[in-house]
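Notes for the structure review
One letter stands for each residue in the lines below.
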Amino acid sequence: MVKAEIGHRLVSLSLARRDNLTALPNRLALREHFEANAEVISAHGLVAVHYLDLDGFKPVNDAYGHGTGDRLLEQVANRLRGAIRNGDIVARLGGDEFAVVQFGLSRAEEAVLLAERLRTTIAQPFEVDGHFIRISTCVGTVVSDNRADPLDSLLHAADARLYQAKRTRNAGTRRVA
């Protein structure tokens with residue numbers, strides 16, 4: 001009886017740190033991972049935080065239904081898992097928003113390369129429920145050499161860069177008649 005109760009508690013703790021749909025770590029697990037690893041990175045190592053949201057996701061839900069949208073999110077999660085290095089972490093923050101944290105970078109350019117890989121990975125067509133679906137992602141990236149920077153501040157800065165990138169991209173697509 002006691003072993004079963006301990007087992008149930010361990011499962012509950014694990015589930016509290018996972019996104020139910022994608023099985024990715026959630027915001028709580030991301031924070032715990034960040035805090036545990038920020039202490040062990042070298043004083044000269046950089047940390048990068050990438051904030052992503054999916055472009056074109058809402059029309060998928062509208063056209064094909066939320067079930068298809070959910071399966072698309074599962075496939076996005078799998079692609080993101082495959083795009084990061086061992087030791088990095090990808091988490092679903094909610095809806096169509098994700099975060100990736102990289103530790104131990106020697107140069108900021110490594111973060112730029114990952115951001116481009118994430119965009120390219122998501123831009124490839126998905127096959128979901130017999131539909132070929134194309135979406136894209138915009139990525140906001142912030143790089144820090146300060147181990148004392150809290151995750152929330154880095155996420156906020158990366159989110160601001162994400163929206164700056166969206167505004168810049170959208171301004172470039174406007175046409176003047």
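Structural data are supplied above this passage.
Our subject in this report is the structure included herewith.

Definitions and limits used
Residues numbered from 1 in each chain as written. Predicted model: local features only at pLDDT ≥ 70, side-chain atom pairs only at ≥ 80, totals over all residues. Heavy atoms only, no water. Helix = DSSP H or I, 4+ residues; strand = E, 2+ residues; numbered from the N terminus. Contact = heavy atoms within 4.5 Å. Buried < 20%, exposed > 50% of the residue type's maximum accessible area, 1.4 Å probe, protein only. Lys, Arg positive; Asp, Glu negative; His and termini not counted. Salt bridge = Lys/Arg side-chain N within 4 Å of Asp/Glu carboxyl O. Phe/Tyr/Trp six-rings, centres within 6.5 Å; stacked < 30°, edge-to-face > 60°.

Focus: the environment of Arg71
- For Arg71, the position within the fold is in helix H4 (residues 66–83).
- Between the alpha carbons of Arg71 and Asp129 there is a distance of 8.3 Å; along the sequence they are 58 residues apart.
- Contact partners of Arg71, with chain neighbours within four places excluded, come to Val128 and Asp129.

Some details on the side chain of Glu110
- Position of Glu110 among the secondary structure elements: in helix H5 (residues 109–123).
- Salt bridges are absent for the buried Glu110, whose nearest opposite-charge side chain, Arg85, sits at 4.2 Å.
- Those residues in contact with Glu110, other than ones at most four positions away along the chain, are Arg85, Gln102 and Leu105.

Notes on the packing of aromatic side chains
- Overall, the coordinates contain one aromatic pair when judged by the stated rule.
- Aromatic side chains Phe34 and Phe103 sit 5.6 Å apart centroid to centroid with 40° between the ring planes, which places their arrangement in the tilted category. With a gap of 69 residues between them, Phe34 in helix H2 (residues 27–38) and Phe103 in strand E3 (residues 97–105) connect regions that are remote in the sequence. Per residue, the accessibility class of Phe34 equals that of Phe103, and both read buried.

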